[in-house]
Every structure is written in structure tokens, then in C-alpha cells.
Amino acid sequence: MGSAREWRRLLAWADGLGLALLSIVVACRALDTDGLTPVPQLLAFLPWLLVPAALGLLAALLARWRSGMVWAAVVLAVTGWYVRPYGPPPGGDAEPTGRVAASVRVLTSNIEFGDATADLIATIERENPGLVFIQECDDDCTRALAAEVPDAAYPYREVVAAGGPDGSAILSKYPLRPAPGIDGALAMPGAVALVHDRPVRIQLVHPLPPVPGSVPRWRAELGAVRDYAAGGKDRPTLIAGDFNASQDHAAFRRILDAGRLRDSAALGGAFRAPSWPADWARFGTQIDHVLVSDDFSVRSARFLTLRHTDHRALLVELKLHGG
């Protein structure tokens, strides 16, 4: 009898520790802050926190810990609330109704140190996107793009050649005007694309990941993306890349709010479809995004698997309205 009581006390104590950590993460989500390590890392996988929350409820039942049952039920309910589909920013829920000026196909892909270059080039040939945003395009990737992707198909390019993960590239079928990119540890070039003579601000995004020790830099670089978004609220804007942030990060949501932008994956039928890590896609998180201003409607969004990269590529079909 005493051993059973002791076992339940130990189980309740361990359950309380787990629920305390989950409560901190969920509280940060509710308070619209990313907090400190390990909160930003855990927020990326918020939907999967439903599993330990349910186990916490089960443990409280087994331990006959009534306050723990209530605690776990609240954590489970609040986590479930935030896992619901999120929508466009206030005032941005209506689809554009003006005439369609152009159909635009956009591909973004992190090719992991250039290792997925061959699959990327094959995907470009097969899908024929009008705009391609490439992250972690190393020197070999840069040379392969120059040699194997014809200038006739993509005559306009903004390439930052660098080794390892630092390089990035934008390929475009549309004329590009030079524009300042965003300063960061990894290259984030930008430009203005003339889509059927209509200027569209385009920006590649690739901030540092929020690994322990780099969270302040991650937050600052996403803040720079937010500032870029805020600077073009009245102009057609398209921001694409590996954000190293999900919809459950406050820093990501502030980009949407600042630029009145919409997440094409959420609107195109791929809400919360994981994009990283590719080998564990079913248990991953969506950190690769294409964000668009309300000048665009979203027809579809698909995540594509490329070999030799830890990210899935994102292909979206857009329509540019007005003009």
C-alpha cells in the first residue's frame, strides 16, 4: 500500500515537471513572445506538444492527482486552440477581386550546402517556375546553375556566390531591377521583378536558425525581415525562403502583420504541412514559406521532396491582380 502511494507521488512529481515546461511554452505562445531557449525551439513543434500534454493527463490520472488532471487538461486545450488553422491578418481575409494581370509560379528551396543541386535543377526543368529562390547555394551550385539552367529560360538572376550555407540565388523569367537585400549572416538578396510590367518587390529570406546561443541574432534578422515587409505595405510584395520560423513563432507572425502579408501554404491547401526535417517530414515543422501581399491570390501550394537536403521545397501557384 505504501509503495503504491510512493509510486503515485513520484509519478505526480515527474508529471508536474513536464507540465511546467509545457506550460511555459504554451504561455509564451499565448503572450505572443518567443521567450528564451528552449522555448523558441519547442514552439516550432507546437502541434506535437499535444502528445506530451496528453501523456501528462494520463500520468495525472494514474497518479490520482486531481489538480494535475485539471492542469494537464488546460495545457492540452490551450495547445489545441493554437494548433487550429491561422488565417490572414485583420482586413486581409478577402481574395483580390481585380482583373488577373499574370499567373506566377514560385519555387523556394533550401538545398543544404548545395547537395540537392541536381534535384533542384531537375525540379526547375519539370515545374518551370517563373521565380526561383534558392538558399544554401554554394560555389558548386552557382556553377551548376550557370552551366545547366539556360539563360534563355532564366535570363535574370540575382546570385550571391559563397561557400557552404552562405550563398543564395534568385532566378527569374521576369526582368529584375536591383534593390537592396537584407543584411544577415547568410545571404538574403532582393530585387524588384517586373511581372508583365508591374513592379513586384521580391526578397529571399534565410535568417540564422534559433539554435541555443543564436536566438538573439535569429530574432534580430527576422526583425529586419519584418522591417522590409512593413516598408512595402502598399506595393505588391513576395517574400520567400527558409525562415527558420513557423507560424507559432511571434517573430514570424510579426512579419505577416507588419506587411499585411498572407502565407501561401496556409491559403493553398498545405496548412502546417511540415517542410523540415525532410527525413522526418511527418513529425517536422513548416519553416519554408512564400508570403504574399493581398495583390496576389493563391491557387495552390505543394511541398516537394528533393534528395540530399533536409528541407522540402515549396511550389506555389499565384495570380497577380490589378495593374
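Cut-offs applied
- Residues numbered from 1 in each chain as written.
- Predicted model: local features only at pLDDT ≥ 70, side-chain atom pairs only at ≥ 80, totals over all residues.
- Heavy atoms only, no water.
- Phe/Tyr/Trp six-rings, centres within 6.5 Å; stacked < 30°, edge-to-face > 60°.
- Helix = DSSP H or I, 4+ residues; strand = E, 2+ residues; numbered from the N terminus.
- Buried < 20%, exposed > 50% of the residue type's maximum accessible area, 1.4 Å probe, protein only.
- Pairing = 2+ DSSP bridges.
- Axes fitted to C-alpha atoms, helices over the stretch in contact; angles between N-to-C directions.
- Contact = heavy atoms within 4.5 Å.
- Core = buried A, V, L, I, M, F, W, Y, C linked by side-chain atoms within 4.5 Å.

Novice: Account for the packing of aromatic side chains, with residues named and values stated.
Specialist: Scanning the model with the defined rule gives 4 aromatic pairs in all. Relative to Phe283, the ring of Trp48 has its centre 5.4 Å away and its plane inclined at 50 degrees; by these criteria the two rings are tilted. You can see Trp48 sitting in the loop between helix H2 (39–43) and helix H3 (50–63) and its partner Phe283 sitting in the loop between helix H9 (264–267) and strand S10 (288–292), a full 235 residues away along the chain. With a relative accessible area of 33%, Trp48 lands in the partly exposed category. We classify Phe283 as partly exposed; its relative accessible area is 49%. Here Trp65 and Trp71 contribute two aromatic rings whose centre-to-centre distance is 6.1 Å and whose plane-to-plane angle is 80 degrees, an arrangement assigned as edge-to-face.

Novice: Summarise the sheet that holds strand S2 (residues 131–135); cite the residues concerned and give the values.
Specialist: Here we have 6 strands laid out as an open sheet, ordered S3-S4-S2-S1-S12-S11, and mixed in their pairing. Whereas interior strands pair on both sides, the edge strands pair on one side only; in this sheet they are strand S3 (156–160) and strand S11 (296–304). Sheet twist, expressed as the average angle between the axes of neighbouring strands with direction ignored, equals 10 degrees. Bridging between strand S1 (residues 100–110) and S2 involves 5 bridges; their strand directions are parallel. Note that in S2 the partner of Leu107 across the bridge is Val132. Strands S1, S2, strand S4 (168–172), S11 and strand S12 (313–321) of the sheet are contacted by helix H5 (residues 117–127), whose axis makes an angle of about 165 degrees with S1.

Novice: Describe the environment of Ala193, with residues and values.
Specialist: With respect to the helices, strands and loops of the structure, Ala193 is situated in strand S6 (residues 190–195). Ignoring any residue separated from it by four or fewer positions in sequence, one finds Ala193 in contact with Tyr174, Pro175, Leu176, Arg198, Pro199, Val200 and Ile202.

Novice: Explain the nonpolar core to me, and be specific about the residues and the numbers.
Specialist: Val106, Phe133, Ile202, Leu238 and Leu318 are the most contacted members of the largest nonpolar core, which has 29 residues in total. Within the residue set of this core, elements represented by two or more residues are S1, S2, S6, strand S7 (198–205), strand S8 (237–242), S10, S11 and S12. Contact partners of Phe133, with chain neighbours within four places excluded, come to Val106, Leu107, Thr108, Ser109, Ala169, Ile170, Ile202, Gln203, Leu204, Leu238 and Ala240. Among the nonpolar cores identified, the runner-up in size contains 20 residues, and Ile111, Ile121, Cys141 and Leu315 belong to it.

Novice: Go over the sheet that holds strand S9 (residues 262–263), please, and point to the residues and values.
Specialist: What the 6 strands build is an open sheet, ordered S5-S6-S7-S8-S10-S9; its pairing is mixed. At either end of the open sheet lies a strand with only one pairing partner, and these are strand S5 (176–179) and S9. The pairing of S5 with S6 spans 4 bridges and is antiparallel. Across the sheet, the residue bridging to Arg177 is Val192, located in S6. Docked against the sheet, helix H7 (residues 215–230) engages S7 and S8, running at close to 175 degrees with respect to S7. Where helix H8 (residues 250–259) meets the sheet, its contacts fall on S9 and S10, and the angle it forms with S10 comes to roughly 20 degrees.

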